[in-house]
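Structural overview for review
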Amino acid sequence: MSNKAFVGRVFLARGDGGSPEVFTRVCQNFGLSGLGQTNDLIEATTFCSEGNKEYIGGLADGAAVTLEMNFETVLPDAQVLDDMRTDVRNKAVRNFEVQCEGETKGVVDLIFAFAATCLSWTLNPSPSAKNAISYGVKISGDITELRP
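For clarity, every value in this text was computed on a predicted model and none was experimentally measured.

Turning next to the layout of surface pockets. Leftover empty space is mapped by rolling, across the atoms, a probe with the size of a water molecule. Taken as a whole, the largest pocket spans an internal volume of roughly 210 Å³. Lining the largest pocket, in full, are R14, G15, D16, V22, T24, R25, V26, C27, Q28, D77, V80 and D83. Elements represented by at least two residues in the lining of the largest pocket include exactly strand 1 (10-15), strand 2 (23-25) and helix 1 (79-89). Among the residues making up the lining of the largest pocket, the classes are represented as four nonpolar, three polar and five charged.

Here is the structure:
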């Protein structure tokens with residue numbers, strides 16, 4: 001069996017909030033860490049548990065995600081970065097997609113769709129490396145997996 005691992009071809013897309021919603025790829029994105037969710041752990045031990053603790057999964061909690069991007073100041077590339085800083089100032093909940101292409105370039109095989117509360121932005125300037133900006137978001141609700 002051949003290995004189907006791949007490099008790249010994973011894209012962040014930001015929703016515009018419209019109806020129908022349009023998602024635009026954020027091409028300055030070079031890092032996305034922490035996408036996922038964790039279920040709360042709830043102890044469910046009873047007198048009939050025979051001296052052993054028992055547990056059940058509780059509510060799912062979406063992860064805090066860091067979005068790392070090249071910092072741009074020239075429009076139109078800088079517009080989405082400006083809009084994301086506005087989302088933080090407005091404490092907005094924004095819809096995002098992580099679009100994954102498989103073996104065929106340009107064909108999206110899997111999408112992770114989620115809403116996230118926009119929490120923070122941090123400018124990371126450098127005199128000797130690329131200038132970057134990071135955005136912190138917290139997943140609110142479920143992560144939906146779609147196979148278009």
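With omega at 5°, the peptide bond leading from S19 into P20 counts as cis. The backbone phi angle of E50 is positive, close to 55°, even though this residue is not glycine. Residue position: E50 is located in the loop between strand 4 (37-43) and strand 5 (55-62). For E50, a relative accessible area of 71% puts it in the exposed group. Phi at K91 takes a positive value of approximately 55°, unusual for a residue other than glycine.

A few words now on the packing of aromatic side chains. If you walk through the whole model with that rule in mind, you get one aromatic pair. Above the plane of the ring of W121 lies R85, whose end atom (NZ or CZ) is 5.8 Å from the centre. For K130, the ring lying beneath its charged end belongs to F30, and the centroid distance is 3.6 Å.

By secondary structure assignment, the location of S134 is in strand 9 (residues 132-139). With relative accessibility at 15%, the residue S134 sits in the buried group. A distance of 3.2 Å separates polar atoms of two side chains, one belonging to S134 and the other to N124.

This part takes up the pairing of strand 6 (residues 64-70). Residues V65, L67 and M69 point to one face of strand 6 and are all buried, whereas A64, T66, E68 and N70, pointing to the other face, are not buried. Bridge count between strand 6 and strand 9: seven bridges; the pairing is antiparallel. Residue pairing in the sheet places L67 in a bridge with Y135 of strand 9.

With that settled, consider the environment of N124. With respect to the helices, strands and loops of the structure, N124 is situated in strand 8 (residues 108-124). Discounting chain neighbours no more than four positions away, the residues touching N124 are K130, N131, A132, I133 and S134. A distance of 3.5 Å separates a polar side-chain atom of N124 from the backbone oxygen of T122.

What follows is about the nonpolar core. Counting 20 residues, the largest nonpolar core has L12, L67, M69, F96, F114, Y135 and V137 as its most contacted members. Every element with two or more residues in this core is listed here: strand 6, helix 1, strand 7 (93-101), strand 8 and strand 9. In this structure, F96 is in contact with L12, A13, R14, F23, L67, M84, F112, A113, F114, A116 and V137, ignoring residues within four places of it in sequence.

How each quantity is defined
Residues numbered from 1 in each chain as written. Predicted model: local features only at pLDDT ≥ 70, side-chain atom pairs only at ≥ 80, totals over all residues. Heavy atoms only, no water. 1 Å grid on protein atoms, 1.4 Å probe; cavity = no way out; pocket = protein on both sides within 12 Å on 5 of 7 lines; lining within 4 Å. Points joined across faces, edges and corners; volume = space filled by probe spheres on them. Helix = DSSP H or I, 4+ residues; strand = E, 2+ residues; numbered from the N terminus. Nonpolar A, V, L, I, M, F, W, Y, C, P; charged D, E, K, R; others polar. Buried < 20%, exposed > 50% of the residue type's maximum accessible area, 1.4 Å probe, protein only. Phe/Tyr/Trp six-rings, centres within 6.5 Å; stacked < 30°, edge-to-face > 60°. Lys NZ or Arg CZ within 6 Å of the ring centre and 35° of its normal. Polar contact = N/O pair within 3.5 Å; in protein donor to acceptor, adjacent residues only side chain to side chain. Pairing = 2+ DSSP bridges. Contact = heavy atoms within 4.5 Å. Core = buried A, V, L, I, M, F, W, Y, C linked by side-chain atoms within 4.5 Å.

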